[in-house]
Amino acid sequence: MLVRILLDIVNKNVRSTIMKAARFYDRGDIRIEDIPEPVVEPGTVGIEVAWCGICGTDLHEFMEGPIFIPPCGHPHPISKESAPVTMGHEFSGVVYAVGEGVRDIEVGQHVVVEPYIVADDVPTGPGDKYHLSKNMNFIGLGGRGGGLSEKIAVKRRWVHPISKDIPLDQAALIEPLSVGHHAFTRSGAKAGDVALVGGAGPIGLLLSAILKAKGLSVIVTELSSARKQKASESGVADHILDPSEVDVVEEVMKITDGRGVDVAFECSSVNKVLDTLVAATTSAGVVVIVSIWSHPATVNVHSVVMKELDVRGTIAYCNDHQETIRLVEEGKIDLEPFITQRIQLDDLVSKGFDTLIHNNESAVKIIVQPRSS
């Protein structure tokens, strides 16, 4: 009897250190597996993941990768990890443990994560461009766990507390919302400006929400009926133009009394959209390329020169999470309308990836609950 009791205790402890996670092995090969729970080391925060979004980057990894994910046998220089890795970088959760030396985070706090992998000696203060540092990568792509698992341990500097007034499912969208905030910051746009957003996918919609919260007028151009509907019902667009139905440049000129928009954001990785933005932007205006392009693009350089346009790139975020969280906490942005589906981790590929790849008309943002409720 004593032996059986001891075995039961041992088995219970073993089970308690195992968790489910979505692991990327190679292109088209993501597996839901049991792996050890993370160790909460000094300087880290243990987070029980509540919800994790599926990002376009995750889809590209699944269809075309590995891209950001280090291929098997080729470890990332900072994380020292390679495939298989746990996926997921858009996530929220609840703190279940704090490591030695962490004094400003408490168990039970609700948090989101700025999912960077950068060298320990890279500063992350105001004005520091840590998002452009050498060998930068992302938690959930380059290693160090991921949000598509039940638990994760993250270095304190990447953990951002949030108000418990923000539902945790909505909080999972703060990471992509911060992408939109950084694009807005890069643009130099200001209240009263008119913006044209090319593409109403998740990033285009969330960027539009930022622009509206910052006092801009927003024109969205989009083909998809589902995405046009989402732009309308969420209230993030003042005008929605379908390029299959109207000449977008002509309509923009009507809306702006022939002036053109002050700033344009490319969120589609479609060259025709980029051409439209260049044509619709006013002289001395700004065109910001937000989307990740996996193929070469062309731009009408003559128009850029003759109109003295600024064409700028933007990647991820850099000290944007604090302001993004504030906008949500103050009720200036409502994230609920952008969530179109909630699924369990076991259904990640069948109901998540497959839906977004083959039937994205039916979904804008799919979020995943790693732990069965």
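Cut-offs applied
Residues numbered from 1 in each chain as written. Predicted model: local features only at pLDDT ≥ 70, side-chain atom pairs only at ≥ 80, totals over all residues. Heavy atoms only, no water. Axes fitted to C-alpha atoms, helices over the stretch in contact; angles between N-to-C directions. Helix = DSSP H or I, 4+ residues; strand = E, 2+ residues; numbered from the N terminus. Parallel < 35°, antiparallel > 145°, perpendicular 65-115°, else oblique. Left-handed = near helix turned anticlockwise from the far one by under 90°. Contact = heavy atoms within 4.5 Å. Nonpolar A, V, L, I, M, F, W, Y, C, P; charged D, E, K, R; others polar. Buried < 20%, exposed > 50% of the residue type's maximum accessible area, 1.4 Å probe, protein only. Pairing = 2+ DSSP bridges. Arc of directions from axis to C-beta. Phe/Tyr/Trp six-rings, centres within 6.5 Å; stacked < 30°, edge-to-face > 60°. Lys NZ or Arg CZ within 6 Å of the ring centre and 35° of its normal. pLDDT = per-residue confidence, 0-100.

**Quick word on the packing of helix 7 (residues 248–255) against helix 8 (residues 271–280)**
Then, in step 1: Interhelical geometry of helix 7 versus helix 8 gives an angle of 30° and a closest axis separation of 9 Å. The orientation of helix 7 relative to helix 8 falls into the category roughly parallel. Handedness of the helix 7/helix 8 crossing: right-handed. On helix 8, the residues that touch Val 248, Val 249, Val 252 and Met 253 of helix 7 are Thr 276, Ala 279 and Ala 280.
Then, in step 2: Here the residues of the contact of helix 7 with helix 8 sort into 6 nonpolar, 1 polar and no charged.

**Observations concerning the environment of Glu 64**
Then, in step 1: In this fold, Glu 64 is placed in helix 2 (residues 56–64).
Then, in step 2: Note on Glu 64: relative accessible area 34%, which makes it partly exposed.
Then, in step 3: Sequence spacing of Glu 64 and His 321 is 257 residues, and the spatial spacing of their C-alpha atoms is 29 Å.
Then, in step 4: Other than its neighbours up to four places away in sequence, Glu 64 contacts Arg 27 and Ser 294.

**Describing the pairing of strand 5 (residues 90–98)**
Residues in a regular strand point their side chains to alternate faces of the sheet.
Then, in step 1: Sheet analysis places strand 3 (residues 44–53) next to strand 5, joined by 8 bridges and oriented antiparallel. Each bridged residue has a counterpart across the sheet, and for Glu 48 the counterpart in strand 5 is Val 94.
Then, in step 2: The pairing of strand 5 with strand 6 (residues 110–113) spans 3 bridges and is classified as antiparallel. Among the inter-strand pairings, Ser 92 is bridged to a residue of strand 6, identified as Val 112.

**Re helix 10 (residues 321–329)**
Then, in step 1: Of the residues making up helix 10, those classed as buried are His 321, Thr 324, Ile 325, Leu 327 and Val 328. For helix 10, the angular spread of the buried residues around the axis is 160°, confining them to a single face.
Then, in step 2: Turning to helix 10, the residues buried within the fold contact strand 6, strand 10 (159–161), helix 4 (174–187) and helix 5 (202–213).
Then, in step 3: Immediately beyond the C-terminal end of helix 10, within one or two residues, lies Gly 331, with a positive phi of roughly 80°.

**Some points on the packing of aromatic side chains**
Then, in step 1: Tallying each qualifying case throughout the model produces 7 aromatic pairs.
Then, in step 2: Judged by centre distance (5.3 Å) and plane angle (25°), the ring pair of Tyr 116 and Phe 138 falls under stacked. One end of the pair, Tyr 116, is in strand 7 (residues 116–117); the other, Phe 138, is in strand 8 (residues 137–138), with 22 residues separating them in the sequence.
Then, in step 3: Tyr 116 gets classed as buried once you look at its relative accessible area, which sits at 0%.
Then, in step 4: The exposure class of Phe 138 is buried, given its relative accessible area of 7%.
Then, in step 5: Taking 5.7 Å as the distance between ring centres and 50° as the angle between the ring planes, the aromatic pair formed by Tyr 130 and Trp 158 counts as tilted. Within this pair, whereas Tyr 130 is found in the loop between strand 7 and strand 8, its partner Trp 158 is found in the loop between strand 9 (151–155) and strand 10, the two being separated by 28 residues in sequence. For the pair Tyr 130 and Trp 158, one class covers both residues: buried.
Then, in step 6: Note that Arg 31 overlies the ring of Tyr 25, its terminal NZ or CZ placed 3.7 Å from the centroid.
Then, in step 7: In this structure, Lys 151 packs its charged tip against the face of Tyr 96, placed 4.4 Å from the ring centre.

**A closer look at the confidence of the model for the protein chain**
Then, in step 1: Considering every residue of the protein chain, the mean pLDDT works out to 94; 95% of them sit at 70 or more.
Then, in step 2: Confidence drops under a pLDDT of 50 for residues 1–15, and excluding neighbours within four residues, the segment shows 0 contacts in the predicted structure.

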